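Chain by chain, the residues run as shown.
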Protein chains: 2
Amino acid sequence: MTFSYSDLFSFVNNIFLKAGCNNNDAEKATVALLSADLRGIDSHGVARLSGYIRLWEKGRINMQANFKIVHETPSTATVDADGGLGLIVGEYAMNIALNKAKNVGTGWVAVKGSNHFGIAAKHAMMALEENMIGIAMTNASPLVAPTHSTKRMLGTNPMAFAIPAKNEPAFVADFATTTAANGKLEILQRKNLSAPNGWIQNQDGDNSFDPNELSKGGALLPLGGDREHGSHKGFCLGAVVDIFSAVLSGANYGPWVPPFVAFLEPPANPVGSGIGHFFGAMRIDAFRPADDFLDNMDNWIRAFRAAPSIEGQPSVVIPGDPERIAEAERRVSGIPLNEKVVEDLQQLADKLNVAFPAPFKS
Amino acid sequence: MTFSYSDLFSFVNNIFLKAGCNNNDAEKATVALLSADLRGIDSHGVARLSGYIRLWEKGRINMQANFKIVHETPSTATVDADGGLGLIVGEYAMNIALNKAKNVGTGWVAVKGSNHFGIAAKHAMMALEENMIGIAMTNASPLVAPTHSTKRMLGTNPMAFAIPAKNEPAFVADFATTTAANGKLEILQRKNLSAPNGWIQNQDGDNSFDPNELSKGGALLPLGGDREHGSHKGFCLGAVVDIFSAVLSGANYGPWVPPFVAFLEPPANPVGSGIGHFFGAMRIDAFRPADDFLDNMDNWIRAFRAAPSIEGQPSVVIPGDPERIAEAERRVSGIPLNEKVVEDLQQLADKLNVAFPAPFKS
């Protein structure tokens, strides 16, 4: 079933209002959450709405959070998200980073006491409106085993980079630092397919092809898959995201990151506050005249887009192109939702006494 | 054959003096080059000395370069390396970044007009002496094909992160954004072994196991190896390193990066100046009290080091541990050099009329 963006917007907005958000915050949270659905990242959008609400019901998300800067310098700040929605604190923190960049060239903001912030790209892309480079990363619940270990020690810890161009669309990369993110496993589970080599290991650390392995004590693998294929580099990347997001901010790091599901309790011995994010903004003209950079980015993008393809394969994908195309289409044709997601949302609508929209087309 | 660090130091220092460096620059270049040999990164150290000299002989490295800041804000600068040694400009640029961080919390420096800067970790680690986080990255000659393409469009584009701890040794990650770097292929060539799946492709973009494939028009692969295993993420990382290092500074980017070998001419239509680097420094106490961070880093490192191993595999490797152990050993027991490297250095010594040291032990 497909729903119009505006109908889904009203619905999600009403749910956040019912959960106690003020008008302003409900709208911001809705924009952030639905930016995933618009961009075709179905795993991170409205499919997760009931998860946020269950965490709120358990008192693990504070819908009236009072964000504040707890430490700062001219180019940096640390924000305490007060247990609030990562979806909203992302915008708050990016605005601080952008303002600092306006003043001193760059701005860098670490956030503690937060929750899942949706897609990293949404936050990084705020910089594009100011003709700046944006960076966003976050740690996440431990599902990933470091190279050589059986234990889940890191999250899928994504990083996003948004880099403006002049006439070409911006370069927007947003990727988990694992071979495959959890959403990819869920697709295989639904289709009853096995996973490729190098995505997951079982609880003993042996290679596994079972997409349900995570529920049996298995783990996702860092980008690279195994040592021979560079998984130690994927581990380094996930570790840097964890340290920048959480050790720098005072959030929980590594295996102490609280789970993003209400049926699992957070660790009894937290080492920090909530989960952590890290944001950056760099003014182009802090390095060179912006026009020269933007011309060069156009040339960069065109050169890579025109690179010869391997026979039988598509062209080189400029990061951000598939998501931009998805958004252009979905704003017009609506957002397709999986049957199970629709059921889940209807139950949520009933529970909170909010009207669920009729499908746009089915 | 094994050589003492101090003997090799005198030799390399004399070579740089003969090539026209002043005393100060010769010493800095020697420290930077040999930091690779000390840390066990044999591909990036003295083995490359004659390559630097051949480029100097061709007028492609300027040994009397005059580095200067061509653009700056309180937290940023762009440096023109004037065709000089990347080995030296790394220190120059990192010092600017560190000073800016002292003033406004962080410092970020893009460099154009440069050459190969040795190991990225050496530059990033300068931040550790100031109790800061250091970042270093560089673009490099195109050897890597983007996902789906047959064409070499990016270098192995490494990134390094140095993060201080309190009682534990620092976290120091330094890695190419490819599945395997060129040095790994050279080891296989010497041993007449084939390469693992996912490291290289041939000129048509088909999987190859031939470690000599690069000399036949083949390409290295981005971290991940193929699309199914996340090579599009490795491509994103290499692209970000390229853009931060070169598009932001005004250096050559992507396929236009000049080769680091004298027998290949630089592209006839450069899009910038030399190769590019990007450096960063972040003051810990720009985000939170340094002592809290350092305690947490100790805890982070200990938790990961203690994570249970897969049966038959070693413990989790904390980034920087193997290199630190190599350095401690090599400072005492000397630096082992491959026979071909020794021959090459002896020829270089004869050519420039510099004494070549006797082996420390053989």
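Each value, and the rule that gives it
Residues numbered from 1 in each chain as written. Chains lettered and ligands numbered in written order. Predicted model: local features only at pLDDT ≥ 70, side-chain atom pairs only at ≥ 80, totals over all residues. Helix = DSSP H or I, 4+ residues; strand = E, 2+ residues; numbered from the N terminus. Rg over C-alpha atoms; globule rule 2.2 N^0.38 Å. Buried ≥ 20, exposed ≤ 12 C-beta atoms within 10 Å, placed from the backbone. Contact = placed C-beta atoms within 7 Å. Pairing = 2+ DSSP bridges. Domains from an automatic or database assignment. Nonpolar A, V, L, I, M, F, W, Y, C, P; charged D, E, K, R; others polar. Expected span 1.5 Å × (residues − 1). Least-squares fit on C-alpha atoms with pLDDT ≥ 70 in both. Core = buried A, V, L, I, M, F, W, Y, C linked by C-beta atoms within 7 Å. pLDDT = per-residue confidence, 0-100. Axes fitted to C-alpha atoms, helices over the stretch in contact; angles between N-to-C directions. Parallel < 35°, antiparallel > 145°, perpendicular 65-115°, else oblique. Left-handed = near helix turned anticlockwise from the far one by under 90°.

**A look at the overall build of chain A**
Part 1 of the argument: When helices and strands are counted, chain A shows 10 helices and 12 strands.
Part 2 of the argument: What you see for chain A is a C-alpha radius of gyration of 20 Å, in line with the 21 Å of a compact globule of 362 residues.
Part 3 of the argument: Taken across its 362 residues, chain A has 57% of its residues classed as buried.
Part 4 of the argument: Across chain A, contacts joining residues at least 24 apart in sequence account for 63% of those joining residues at least 6 apart.

**Remarks on the pairing of strand 7 (residues 171-175) of chain A**
Side-chain positions along a regular strand alternate between the two faces of the sheet.
All names here are of chain A.
Part 1 of the argument: In terms of residue burial, strand 7 counts as a mostly covered element, since five of its five residues are buried.
Part 2 of the argument: Burial along strand 7 is two-sided: the residues Phe171, Ala173 and Phe175 and Val172 and Asp174 are all buried.
Part 3 of the argument: Where strand 6 (residues 159-163) meets strand 7, five bridges bridge the pair, whose relative direction is antiparallel. For alanine 162, the partnering residue across the bridge sits in strand 7 and is valine 172.

**Focus on the domain arrangement of chain A**
All names here are of chain A.
Part 1 of the argument: Under the domain assignment, chain A is made up of domain 1 (1-63 + 334-362) and domain 2 (65-171 + 234-319).
Part 2 of the argument: Domain 1 puts 16 residues into the contact, and the matching count from domain 2 is 16 residues.
Part 3 of the argument: Of all the secondary-structure elements, those providing two or more residues to the side of domain 1 that touches domain 2 are helix 2 (23-38) and helix 3 (49-57).
Part 4 of the argument: In terms of residue count, the dominant contributor to the side of domain 1 that touches domain 2 is helix 2 (seven residues).
Part 5 of the argument: Of the residues that constitute the side of domain 1 that touches domain 2, the class distribution is seven nonpolar, four polar and five charged.

**Description of the sheet that holds strand 10 (residues 219-220) of chain B**
Residue and element names in this part refer to chain B.
Part 1 of the argument: Taking strand neighbours across the sheet as the criterion, the three strands line up as 9-8-10 in an open arrangement whose pairing is antiparallel. Looking along the sheet, the strands with just one partner apiece sit at the ends: strand 9 (207-208) and strand 10.
Part 2 of the argument: Direction of pairing for strand 8 (residues 200-201) relative to strand 10: antiparallel, over a ladder of two bridges. Paired with glutamine 201 across the bridge in strand 10 is alanine 219.

**Concerning helix 1 (residues 5-18) of chain A**
Along an α-helix, a turn takes 3.6 residues, which lines up residues three or four apart on a common side.
All names here are of chain A.
Part 1 of the argument: Helix length check: helix 1, at 14 residues, gives a terminal C-alpha distance of 20 Å against a target of 20 Å (1.5 Å per residue), a fit within 8%.
Part 2 of the argument: Those residues of helix 1 that fall on the buried side of the exposure criterion are Leu8, Phe11, Val12, Asn13, Ile15 and Phe16.
Part 3 of the argument: Buried residues in helix 1 make contact with strand 1 (2-3), helix 2, helix 3, strand 12 (335-336) and helix 10 (339-352).
Part 4 of the argument: Immediately downstream of helix 1, the backbone of glycine 20 shows phi near 105°, a positive value.

**Re the pairing of strand 11 (residues 275-283) of chain A**
Residue and element names in this part refer to chain A.
Part 1 of the argument: Within strand 11, nine of the nine residues are buried, which leaves it mostly tucked inside the rest of the structure.
Part 2 of the argument: The alternating pattern of strand 11 places Ile275, His277, Phe279, Ala281 and Arg283 and Gly276, Phe278, Gly280 and Met282 on opposite faces, both of which are buried.
Part 3 of the argument: In this structure, strand 4 (residues 106-114) lies alongside strand 11, joined through seven bridges in antiparallel fashion. Pairing of valine 109 across the sheet is with phenylalanine 279, part of strand 11.
Part 4 of the argument: For strand 5 (residues 132-138) and strand 11, the ladder comprises seven bridges, and the chain directions are antiparallel. Its bridge partner lying in strand 11, glycine 134 is registered against alanine 281.

**A look at the relation of the copies chain A and chain B**
Part 1 of the argument: Overlaying chain A with chain B gives an RMSD of 0.0 Å, the required rotation being 180° about an axis along which the chain moves by 0.0 Å. Here the two chains are linked by the operation of a two-fold rotation axis. Closest approach to the rotation axis among the C-alpha atoms of chain A is made by A:Gly224, whose C-alpha sits 2.3 Å away.
Part 2 of the argument: By residue overlap, the copies meet face to face through one surface: 100% of the interface positions of chain A are interface positions in chain B.

**Quick notes on the interface of chain A and chain B**
Part 1 of the argument: Counting from both sides, the interface comprises 71 residues of chain A and, opposite them, 71 residues of chain B.
Part 2 of the argument: Those elements that provide at least two residues to the side of chain A that touches chain B are strand 2 (68-73), strand 3 (76-80), strand 4, strand 6, strand 7, helix 7 (231-247) and helix 8 (290-305) of chain A.
Part 3 of the argument: Taken together, the residues that form the side of chain A that touches chain B break down as 37 nonpolar, 27 polar and seven charged.

**Observations regarding the nonpolar core**
Part 1 of the argument: Formed by 235 residues in total, the largest nonpolar core has its most connected members in A:Ala162 and B:Ala162.
Part 2 of the argument: Residues within four places of B:Ala162 in sequence aside, it is in contact with B:Ala121, B:Ala124, B:Met125, B:Ala127, B:Leu128, B:Ile133, B:Gly134, B:Ala170 and B:Val172.

**Some remarks on helix 9 (residues 321-333) of chain A**
Part 1 of the argument: With 13 residues, helix 9 of chain A should reach 18 Å at 1.5 Å per residue; the first-to-last C-alpha distance of 18 Å fits that figure.
Part 2 of the argument: Following helix 9 of chain A by one or two positions, A:Gly334 has its phi on the positive side, about 95°.

**Digging into unusual backbone geometry**
Part 1 of the argument: You will see that A:Asn131, though not glycine, has its phi angle at about 60°, which is positive.
Part 2 of the argument: Relative to the assigned elements, A:Asn131 resides in the loop between helix 5 (120-124) and strand 5.
Part 3 of the argument: Unusually for a residue other than glycine, B:Asn353 sits at a positive phi of about 55°.
Part 4 of the argument: On the basis of neighbour count, B:Asn353 is assigned to the exposed category, with 8 C-beta atoms found within 10 Å.

**Considerations on the environment of A:Tyr253**
Part 1 of the argument: Structurally, A:Tyr253 is set in the loop between helix 7 and strand 11.
Part 2 of the argument: Along the backbone, A:Tyr253 and A:Asn182 are 71 residues apart, and their C-alpha atoms lie at a distance of 19 Å.
Part 3 of the argument: Once residues lying within four places of it in the same chain are set aside, the contact partners of A:Tyr253 are A:Asn139, A:Asp242, A:Ala246, A:Val247, A:Val271, A:Gly272 and B:Trp300.

**Let's talk about the confidence of the model for chain A**
For residues with low pLDDT, the predicted coordinates do not support detailed interpretation.
Residues and elements named next belong to chain A.
Part 1 of the argument: This prediction gives chain A a mean pLDDT of 96; 99% of its residues lie at or above 70.
Part 2 of the argument: Helix 6 (residues 182-191) is the least confidently modelled element of chain A, averaging 86 in pLDDT, while strand 6 averages 99, the highest of any element.
Part 3 of the argument: Listed scores for the predicted complex are pTM 0.98 and ipTM 0.98.

**Thoughts on the sheet that holds strand 8 (residues 200-201) of chain A**
All names here are of chain A.
Part 1 of the argument: Taken together, the three strands give an open sheet; going across it, the order is 9-8-10, and neighbouring strands pair in antiparallel fashion. Each edge of the sheet is formed by a strand with only one pairing partner; in this case those strands are strand 9 (207-208) and strand 10 (219-220).
Part 2 of the argument: Here strand 8 runs beside strand 9; their pairing, made up of two bridges, is antiparallel. Bridge pairing links glutamine 201 to asparagine 207 in strand 9.

**What to know about the packing of helix 1 of chain A against helix 2 of chain A**
All names here are of chain A.
Part 1 of the argument: Running from amino to carboxyl end, helix 1 crosses helix 2 at an angle of 135°, the nearest separation of the two axes being 9 Å. Here helix 1 is positioned oblique relative to helix 2, judged by the angle of their axes. Remark: the crossing between helix 1 and helix 2 carries right-handed chirality. Between helix 1 and helix 2, the residues in contact are Tyr5, Leu8, Phe9, Val12, Asn13, Phe16 and Leu17 and Ala26, Glu27, Ala29, Thr30, Leu33, Leu34 and Leu38, respectively.
Part 2 of the argument: Broken down by class, the residue content of the contact of helix 1 with helix 2 amounts to 11 nonpolar, two polar and one charged.

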